[in-house]
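Descriptive structure summary
So you can see what is in the structure, the chains are spelled out below.
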2 protein chains.
Amino acid sequence: MKIFIMGFGAVGKGVVKVFSIKGNNLKQKYGLDFEIVAVTDTSGTALCDKGLDPDLLLNTKEKTGRVCDYPEYGIPGLSSPEALSKVEYDCLVEVTPTNIEDGEPAKTHMLKAMSDKKDVVTSNKGPLALCFKELVGTAKNNNVQFKFEASVGGAMPIINFAHENLSGCDIESIFGILNGTTNYILSRMAKEGSSYEQTLKEAQEMGIAETDPTQDVEGTDAACKIVILANSIMNMDVSLGDVEINGISKITPESIFLAKKEGYLIKLIAEASLDTLEVSPRLVKEGSPLSVEGTMNVATLKTDLAEDITVVGKGAGSVETASAILSDLISIWKSKK
Amino acid sequence: MKIFIMGFGAVGKGVVKVFSIKGNNLKQKYGLDFEIVAVTDTSGTALCDKGLDPDLLLNTKEKTGRVCDYPEYGIPGLSSPEALSKVEYDCLVEVTPTNIEDGEPAKTHMLKAMSDKKDVVTSNKGPLALCFKELVGTAKNNNVQFKFEASVGGAMPIINFAHENLSGCDIESIFGILNGTTNYILSRMAKEGSSYEQTLKEAQEMGIAETDPTQDVEGTDAACKIVILANSIMNMDVSLGDVEINGISKITPESIFLAKKEGYLIKLIAEASLDTLEVSPRLVKEGSPLSVEGTMNVATLKTDLAEDITVVGKGAGSVETASAILSDLISIWKSKK
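None of these values were measured; they are calculated from a predicted model. In every chain, residue numbers begin from 1 and rise along the written sequence. Throughout, the order in which chains and ligands are written sets their labels, letters from A for the former and numbers from 1 for the latter. Given that the model is predicted, a residue must reach a pLDDT of at least 70 before its local features are reported, and side-chain atom pairs must reach 80 or more before they are shown or counted; all residues, however, enter totals for whole chains, interfaces and linings.

1. Considering the overall build of chain A
If you tally the helices and strands in chain A, you get 13 helices and 13 strands. For chain A, whose C-alpha radius of gyration is 20 Å, the value lies close to the compact-globule estimate of 20 Å for 337 residues. When the backbone C-alpha atoms are referred to their principal axes, chain A occupies close to 65 × 45 × 40 Å. For the exposure call, what matters is how many other C-beta atoms sit within 10 Å of a residue's own: 20 or more marks it buried, 12 or fewer exposed, and in between partly exposed, using C-beta atoms placed from the backbone. When each of the 337 residues of chain A is scored for burial, the buried share is 56%. It is the C-beta atoms, placed from the backbone, that decide contacts: two residues are in contact if theirs lie within 7 Å. Pairs at least 24 residues apart make up 70% of the contacts formed inside chain A by residues separated by at least 6 positions. Strands here mean DSSP runs of E at least two residues long; helices mean DSSP runs of H or I at least four residues long; both are numbered from the N terminus. Note that the radius of gyration is over C-alpha atoms, with the globule rule given as 2.2 Å times the number of residues to the power 0.38.

2. Let's talk about helix α8 (residues 180-192) of chain B
All names here are of chain B. Given the number of residues in a helix, its expected span is that number minus one, multiplied by 1.5 Å. Relative to the 18 Å expected for 13 residues at 1.5 Å per residue, α8 spans 18 Å between its end C-alpha atoms, a close match to the ideal helical length. Taking burial as the measure, the 13 residues of α8 include 10 buried ones, the bulk of the element. For α8, the set of buried residues is Gly180, Thr181, Thr182, Asn183, Tyr184, Ile185, Leu186, Ser187, Met189 and Ala190. Those residues of α8 that are buried are in contact with β8 (171-177), α9 (196-205), α10 (214-217), α12 (253-261), β10 (264-273) and β12 (296-303).

3. Quick word on the pairing of strand β8 (residues 171-177) of chain A
All names here are of chain A. Counting buried positions along β8 gives 5 out of 7 residues, so the element sits mostly inside the fold. Both β8 and strand β10 (residues 264-273) contribute to a ladder of 4 bridges, which runs antiparallel. Following the sheet pairing, Phe175 is matched in β10 by Glu271. Strands are treated as partners if at least two bridges between them are detected by DSSP.

4. Here we look at the relation of the copies chain B and chain A
Least-squares fitting of one copy onto the other uses the C-alpha atoms of those residues that reach a pLDDT of at least 70 in both copies. Superposing chain B onto chain A requires a rotation of 180 degrees together with a translation of 0.0 Å along the rotation axis, leaving an RMSD of 0.0 Å. What the rotation and shift describe, once combined, is the action of a two-fold rotation axis. Closest approach to the rotation axis within chain B is made by the C-alpha atom of B:Val311, at a distance of 2.2 Å. A symmetric contact is evident, with 100% of the interface residues of chain B recurring at the interface of chain A.

5. Some details on the interface of chain B and chain A
Listed as interface residues are 34 residues of chain B and, on the opposing side, 34 residues of chain A. Every element with two or more residues in the side of chain B that touches chain A is listed here: α1 (10-30), α7 (159-165), β13 (308-314) and α13 (318-335) of chain B. With 7 residues, the top contributor of residues to the side of chain B that touches chain A is α13(B). All amino acids are sorted into three groups, where Ala, Val, Leu, Ile, Met, Phe, Trp, Tyr, Cys and Pro are nonpolar, Asp, Glu, Lys and Arg are charged, and the leftover types, Gly among them, are polar. Counted by class, the side of chain B that touches chain A contains 17 nonpolar, 11 polar and 6 charged residues. When strand β13 (residues 308-314) of chain A meets β13(B), the two strands line up antiparallel, connected through 3 bridges. Each residue of the ladder has a partner; that of A:Val311, found in β13(B), is B:Val311.

6. What to know about the sheet that holds strand β2 (residues 35-41) of chain B
All names here are of chain B. One open sheet accounts for 7 strands, arranged β4-β3-β2-β1-β5-β6-β7; its pairing is mixed. Strand pairing shows two members of the sheet lacking a second neighbour, β4 (74-76) and β7 (146-147), which therefore form its edges. The pairing of β2 with strand β3 (residues 44-47) spans 4 bridges and is classified as antiparallel. For Val39, the partnering residue across the bridge sits in β3 and is Ala46. Lines fitted to C-alpha atoms define the axes here, with helix axes fitted over just the stretch in contact, and angles between the N-to-C directions of these axes take values from 0 to 180 degrees. Those strands touched by α1 are β1 (2-6), β2 and β5 (91-94), and its axis lies near 160 degrees from that of β2. Most of the contacts of α13 go to strand β6 (residues 119-122), to which it runs at about 160 degrees, and overall it touches β5, β6 and β7.

Take a look at the structure:
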């Protein structure tokens, strides 16, 4: 299966690294042969019909910061949309940076690939949170597969999980902690009694929170993810603007302390149910499945037959997120056997 | 797809109930048509080529306690192995009581169905914990499917989850709370400071612990389940006798109190890793994914790419366990489309 990787940041590098680590293993385990035929970044493209070497891709990127410096097959300035027409491939892995204003350029990349009858795998929340129906509809009309497990919860399986493992159940609602940064901040505040501002600063120093943490702490990131889950798991038709969003910046150590005294924690909970689509700080009972700490993500699916089913996993990380992309790729490959 | 249900206790009734509730829904959602062509219990068999009515099956069982009293199509005294030859079916659902001495009669039923080229779905821990390789091997040799999601953790997806959602990862170890009764007892002891004996008695009065709770409290039930996970997820070749087992009957309120003071809980943990196959009480950090309370089951899979992935769900319950059987049946049906 020939893979085109669009975007060579943290997730793109994770995908290439996973191929480097697991290539032989996947061949043995599934008889599966993946070839990376193109990788793009802002500098240009590395592109070869016969497959690029994962380690050489990573080394080139580390050394010069530009994938177009890949020996022999690097093409400086060849932009992503152009490159899509320059090489034969089976599946586009779209992992350019998330844009929650208009979902571009990822949206255009994915629609182009689909209309060229290529399967698409992405971790890109932006276009999914803004125009889910259009993307899924285009994939369907072109009879191609479109998978996006990595877009929610990083390494935490949730979308395919609901469709495959809970195929006998209807999902009635979803409650989750879908943002690791805010979970980290709230967990630390609960443990140390520290203020929001001080804890955020520490998280930034540790690289857990970004320099501009707005999307995380104001709840936008979690809102994108609950939109994707509501559409893909609960068959809703919603987008980012439909979510009622409240962040964590007004949470005080005092409120956390009061909650704790009664056996509760304060968590930033995303909810999708028939009449609610919301991200807001909520009380969660200590010892309940949602009460996980640190940067972990968690989601509870309320089902009609199996009651509550919860999954917990790392919500971020380069190789971790790439593992979700890899299982999407394996699933596509298996379906074509 | 014609289904033969062997055993009409809690799980068998759950399966029939699920067909009653979801029959039309499954037809709409997947175009899927299940027919129950036979149900057996110790009284005999109800059997009809054209399909039995789920509600009438449940009513008959409730009224007389005997499935053979099913109007027109009930056959008193027709025993399970005989019945297997009396009707055309596609898939055997084996849900007779668990026997951890020799796995019978479930083992014989399943081997017979497999050699007749029928797919098999089961929740029956006994034969799986005692002769996993033989069963899986026989299924393979006969080119039939053999699925057993419901045998571990009831409604909590874990086996198919590891194979499908984590297909890109290798599972390096498994840690889990695989028995709801003991989790309930330990959770209550932690909350109320009560003794093991007193808490067990209360759990028995509430119907959470059985009259003879030995298999639960001594760890045998959890040991069966970790054997199934080790074999099916980690590709090991072990059976019940290989597990080092310690139960919870010697846990005192004092030890729970001491642990709690340091931020830990005592849980009955089942572990499968390269050098350990064990069920024993262990310290679990409060707020960690394994620290779930009540009768919940939980399992953490340590993976090579995605770090720890945890699932939590109801470990028992008639309809809950049946939901896992249903997703196995849907998966078999999908694979034949």
